[in-house]
2 protein chains.
Amino acid sequence: MVRRNKTKIEYPNSLDFSINYGPFRIPNFILKKFQITPQTISFYPHQHAKNIVLSLANFLKVKYENLIISNGSTEIFFLLPQILKFKRATIITPSFWEYETTLSLNKVKITFFKLLPRNNFLLSKKEFEKSIKKSDCIYICNPNNPTSTYINKTLLLNLIKKFKDKLFIIDETYLLFFKDYKSKTLNNEATKINNLIVVSSLSKIFSIGGIRIGFCIASKKNISFIKRFKNPYSLNIFAESILPYLIKNTKYVNKTREFISIEKIRVYEKIKKISWLKPFKPEANFILARIENKKISPRKLIKYLLEHNIKIRECSRFGGLSNKYIRLSIKTKRENNILINSLKTFHKLYRH
Amino acid sequence: MVRRNKTKIEYPNSLDFSINYGPFRIPNFILKKFQITPQTISFYPHQHAKNIVLSLANFLKVKYENLIISNGSTEIFFLLPQILKFKRATIITPSFWEYETTLSLNKVKITFFKLLPRNNFLLSKKEFEKSIKKSDCIYICNPNNPTSTYINKTLLLNLIKKFKDKLFIIDETYLLFFKDYKSKTLNNEATKINNLIVVSSLSKIFSIGGIRIGFCIASKKNISFIKRFKNPYSLNIFAESILPYLIKNTKYVNKTREFISIEKIRVYEKIKKISWLKPFKPEANFILARIENKKISPRKLIKYLLEHNIKIRECSRFGGLSNKYIRLSIKTKRENNILINSLKTFHKLYRH
């Protein structure tokens, strides 16, 4: 474990590049605010976590009535198709599995809009407009997982305003890693526009998948409708207690954003130099890459890295991607260098 | 705080009789099994908490495939009407608010079966059979909250077997306080019968409303159906870590059950002697009572008790009950005596 006393931010010792967490662990002092005692865990969570909604609303610069805090973003994704009774949805592929799963469960017909490697997985507005014509709702992960591509705000807003009869559900989980999150998020627009819902998970930016916190921003009308159907006690008392301290610690978030903005480009440039691997330009805190050499077995690569205590994400389960694709999260400089060196060594071994 | 070194069970210092928790706090050593660190909370919960399902299944003597662990029983109650598309339900009144709320949300027509004070809130089988005729699902809280009445297992099983086309959803949250829980629960029957689902919360028996654990037992077929629609990550890593230790600590549960079986009768007999208060015979870990003296203002009673640091549950929000009804949970002997004495003192003051 590397510890920088200057910033009091801990560095994780695991080399798990397969999960899209930020590179730094949250400072220990935040967790010390909450003591696990029989007393503390006897307190029921507040209805709709109302004791902390204002705190998160302030952080996000929206009003109390425009915000829901949820049990991860997953709770929202499972709920929306159930209560909004979509008939047909457009989802981008490859993307996060939960959109397809939760829509299929509710028998929503799905139009898949394919992002293609030959276009560097970038979205063509004209083609996309065609694909959403028959849909009543559109799911967009922005930036997208696993492609790490980003659709700019103006393009999105134009679409949303042009197709007022369609509901846009924008997952901004990875936008939270952007230095200019405040100017790029659609949070504020979502409070005013009825056909836009922004959903975000806090698991990735704070590396806290275990305590289950996500949020959802929409118009007052949409929020009250969703709240009616949502389990009002889905947060746990631990998540409720810790959230205000997490968001108060702006140093942690700022440091993460600052670091990612530079490090993702550095790692991208390094990987570009590996002849048998093609990285796609990353906008988020992870990089999608493709194994270009047909003689290289993806299975062997994964195995080799695991033997060296390095976990990466193999992407064959993402629609449209084969096992030639891997996803690498941006971790600390030291850790990223270990990964890059291991990738290089793997190839040297392979050649002999 | 009173501490019995012999058993290492802590006694709470608050006098909150308004929540239906057991009288004892879980031992601290159980909580020490889990350390809150950036590392521990970075672990995602397991899909459908599959790492601990077997442990709870063993405790309940059912199979892995017959059990779901949920974010409190609330998650199950919000989910069932959404996915099972009930048309008409019978619910008992007064009872737990969630049945009515979640059914209404999903536009299920509700037949209310009224338990009457003149029958000591006991259920008449003949009348109940009539009331469920047109329903496709029946919610029964057993023992019932807030009446603390119990419907015997044979009667229930006969109903369930007689009306095979109707789904019976039995909430056994308070049955967990029974000394003979193992012989009285319908858990085992639920695994074999397709029209029976047993739902229970662990919040009350362990006094852990803050960490959100409930469960649901049904046939393999029913369980796989519910699992498909359930948020697979709704438990938090803390709940997952602590549950196996909670259920391994059989001493705590046994002590609670043993104590409640005797103490509920003692408190009931004591309250019976208070002329202006009529308690109904309790089967669960709480007592429903009615203020019999018209000159006594329920508002004044609540206020008086609060001034003496005692919280009780006023019942006017339960269907069919007025503010003349109060609900008192069974706490430790010392605490129950403080409550009884305060009730007596209140009346003395009132007379003058």
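As the structure is a computational prediction, the values presented were derived from the model and not from experiment.

Visitor: Quick one: what's the story with the overall build of chain A, residue by residue and with numbers?
Guide: Helix and strand counts for chain A come out as 14 helices and 13 strands. Its C-alpha radius of gyration of 21 Å places chain A within 12% of the 20 Å reference for a compact globule of 352 residues. Looking at chain A residue by residue over its 352 residues, the buried ones come to 62%. Here the contacts in chain A between residues at least 6 apart in sequence split such that 72% fall between residues at least 24 apart.

Visitor: Just give me the short version of the pairing of strand S6 (residues 137-141) of chain A, but keep the residues and values in it.
Guide: Residues and elements named next belong to chain A. Taking burial as the measure, the 5 residues of S6 include 5 buried ones, the bulk of the element. Of the strand pairs in this sheet, strand S4 (residues 88-93) and S6 are connected by 3 bridges, and their pairing is parallel. Pairing of Thr90 across the sheet is with Ile138, part of S6. When S6 meets strand S7 (residues 167-171), the two strands line up parallel, connected through 5 bridges. Looking at S7, one finds that Ile138 is bridged to Phe168. Note on the crossover from S6 through helix H6 (residues 153-162) to S7: the handedness is right-handed.

Visitor: Could you give an account of the interface of chain A and chain B, naming the residues involved and the relevant values?
Guide: Interfaces are often sized by the amount of accessible area the parts lose when they come together. Taken residue by residue, the interface counts 45 residues in chain A and 46 residues in chain B. Here chain A meets chain B over a buried area of about 3700 Å², counting both sides, of which 61% is carbon and sulfur. Scanning the region where chain A abuts chain B turns up 16 residue pairs in polar contact (both at pLDDT 80 or more). Secondary structure elements with two or more residues in the side of chain A that touches chain B: helix H1 (28-31), helix H3 (72-84), helix H4 (97-105), helix H9 (203-206), helix H10 (220-229) and helix H11 (237-248) of chain A. Top contributing element to the side of chain A that touches chain B by residue count: H3(A), with 6 residues.

Visitor: Talk me through the relation of the copies chain A and chain B; I want residue IDs and the actual numbers.
Guide: The transform that puts chain A on chain B rotates by 180° and translates by 0.0 Å along the axis, for an RMSD of 0.0 Å. In symmetry terms, the pair is related by a two-fold rotation axis. Looking at the interface residues of chain A, 100% of them are also at the interface in chain B, so both copies use one shared face.

Visitor: Describe helix H13 (residues 298-307) of chain A, with residues and values.
Guide: Residue and element names in this part refer to chain A. Looking only at H13, the buried set comprises Pro298, Leu301, Tyr304 and Leu305. One side of H13 carries all its buried residues, which in axial view fall inside an arc of 125°. Exposed residues on H13 whose side chains face more than 90 degrees from its buried face are Arg299, Lys300 and Glu307. Phi turns positive, to about 65°, at Asn309, one or two residues after H13.

Visitor: Outline the sheet that holds strand S10 (residues 277-279) of chain A, supporting the account with residue identities and numerical values.
Guide: All names here are of chain A. The 4 strands lie next to each other as S10-S11-S13-S12, forming an open sheet whose pairing is antiparallel. With one partner strand each, in any of the chains shown, S10 and strand S12 (313-314) form the two edges of the open sheet. Taken together, the 2 bridges between S12 and strand S13 (residues 325-329) define a ladder with antiparallel strand orientation. From the neighbouring strand, Glu314 faces S13, where its bridge partner is Ile326.

Visitor: I'd like a description of helix H12 (residues 250-272) of chain A, backed by residues and values.
Guide: A rise of 1.5 Å per residue sets the reference length of H12(A), with its 23 residues, at 33 Å; its end C-alpha atoms lie 33 Å apart and thus fit the reference within 8%. For H12(A), the principal kink sits at A:Ile260 and spans about 30°.

Visitor: I'd love a proper account of the side chain of B:Ser342, names of residues and values included.
Guide: Take B:Ser342: it is sitting in helix H14 (residues 333-351). Once you skip the residues sitting within four places of it in the chain, B:Ser342 turns out to touch B:Tyr304, B:Leu305 and B:Ile310.

Visitor: Go over a positive patch on the surface, please, and point to the residues and values.
Guide: Taken together, the side chains of A:Lys85, A:Lys107, A:Arg228, B:Lys85, B:Lys107 and B:Arg228 make up a positively charged region of the molecular surface. Note on placement: A:Arg228 falls in helix H10. The exposure class assigned to A:Arg228 is partly exposed, which follows from its relative accessible area of 46%.

Visitor: How would you sum up the sheet that holds strand S9 (residues 214-217) of chain B? Please name residues and give values.
Guide: All names here are of chain B. Across the sheet, 7 strands lie side by side as S3-S9-S8-S7-S6-S4-S5; this open sheet has mixed pairing. Each end of this open sheet is capped by a strand with a single partner; those strands are strand S3 (67-70) and strand S5 (109-114). Sheet twist, expressed as the average angle between the axes of neighbouring strands with direction ignored, equals 20°. Sheet analysis places strand S4 (residues 88-93) next to S5, joined by 6 bridges and oriented parallel. When the bridges of S5 are listed, Thr90 appears paired with Thr111. Together, S3, strand S8 (196-201) and S9 form the strand contacts of helix H10 (residues 220-229), whose direction differs from that of S3 by roughly 30°.

Visitor: Requested: an account of the packing of aromatic side chains, with residues and values cited.
Guide: Residue and element names in this part refer to chain A. If you walk through the whole model with that rule in mind, you get 40 aromatic pairs over all chains. Look at Phe77 and Tyr139: their rings are 6.3 Å apart centre to centre, the planes differ by 40°, and that puts the pair in the tilted class. In this pair, Phe77 is assigned in helix H3 and Tyr139 in strand S6, connecting sequence segments 62 residues apart. Taking 4.9 Å as the distance between ring centres and 75° as the angle between the ring planes, the aromatic pair formed by Tyr174 and Phe286 counts as edge-to-face. Linking Tyr174 in the loop between S7 and helix H7 (181-184) with Phe286 in strand S11 (residues 286-291), this pair joins segments that are 112 residues apart in sequence. For the pair Tyr174 and Phe286, one class covers both residues: buried.

Visitor: I'd love a proper account of the pattern of salt bridges, names of residues and values included.
Guide: For the structure shown, the criterion picks out 22 salt bridges over all chains. Residue B:Lys184 is joined to B:Asp180 by a salt bridge in which the shortest nitrogen-to-oxygen separation is 3.2 Å. Classification of B:Asp180 by relative accessible area gives partly exposed; the value is 31%. Look at the salt bridges and you will find they share partners, linking A:Lys125, A:Glu129 and A:Lys162 into a network.

Visitor: Residue-level account of empty space enclosed by the protein, with values.
Guide: This model, assessed by the stated rule, comprises 2 cavities of 30 Å³ or more. Of the volumes computed, that of the largest cavity is approximately 220 Å³. Around the largest cavity, the lining comprises 18 residues; the ones closest to its centre are A:Glu75, A:Leu79, A:Asn231, B:Glu75 and B:Asn231. Of all elements in the fold, only H3 of chain A together with helix H3 (72-84) of chain B reach the threshold of two or more residues within the lining of the largest cavity. Tallied by class, the residues present in the lining of the largest cavity amount to 6 nonpolar, 8 polar and 4 charged. As a volume, the second largest cavity reaches approximately 30 Å³. Lining the second largest cavity, in full, are A:Asn142, A:Tyr150, A:Ile151, A:Lys153, A:Leu156, A:Ile170, A:Glu172, A:Lys184 and A:Leu186. Residues that form the lining of the second largest cavity fall into these classes: 5 nonpolar, 1 polar and 3 charged.

The rules behind these values
- Residues numbered from 1 in each chain as written.
- Chains lettered and ligands numbered in written order.
- Predicted model: local features only at pLDDT ≥ 70, side-chain atom pairs only at ≥ 80, totals over all residues.
- Heavy atoms only, no water.
- Helix = DSSP H or I, 4+ residues; strand = E, 2+ residues; numbered from the N terminus.
- Rg over C-alpha atoms; globule rule 2.2 N^0.38 Å.
- Buried < 20%, exposed > 50% of the residue type's maximum accessible area, 1.4 Å probe, protein only.
- Contact = heavy atoms within 4.5 Å.
- Pairing = 2+ DSSP bridges.
- Right-handed = clockwise from strand over helix to strand, strands pointing away.
- Buried area = accessible area lost by both parts, 1.4 Å probe.
- Polar contact = N/O pair within 3.5 Å; in protein donor to acceptor, adjacent residues only side chain to side chain.
- Least-squares fit on C-alpha atoms with pLDDT ≥ 70 in both.
- Arc of directions from axis to C-beta.
- Expected span 1.5 Å × (residues − 1).
- Bend = angle between axes of the 7 residues up to and from the residue.
- Patch = residues over 30% accessible without salt bridge, like charges linked within 9 Å, V, L, I, M, F, W, Y side chains within 5 Å.
- Areas by Shrake-Rupley, 256 points an atom, 1.4 Å probe, with all protein chains shown as cover.
- Salt bridge = Lys/Arg side-chain N within 4 Å of Asp/Glu carboxyl O.
- Lys, Arg positive; Asp, Glu negative; His and termini not counted.
- Charge placed at Lys NZ, Arg CZ, Asp CG, Glu CD.
- Axes fitted to C-alpha atoms, helices over the stretch in contact; angles between N-to-C directions.
- Phe/Tyr/Trp six-rings, centres within 6.5 Å; stacked < 30°, edge-to-face > 60°.
- 1 Å grid on protein atoms, 1.4 Å probe; cavity = no way out; pocket = protein on both sides within 12 Å on 5 of 7 lines; lining within 4 Å.
- Points joined across faces, edges and corners; volume = space filled by probe spheres on them.
- Nonpolar A, V, L, I, M, F, W, Y, C, P; charged D, E, K, R; others polar.

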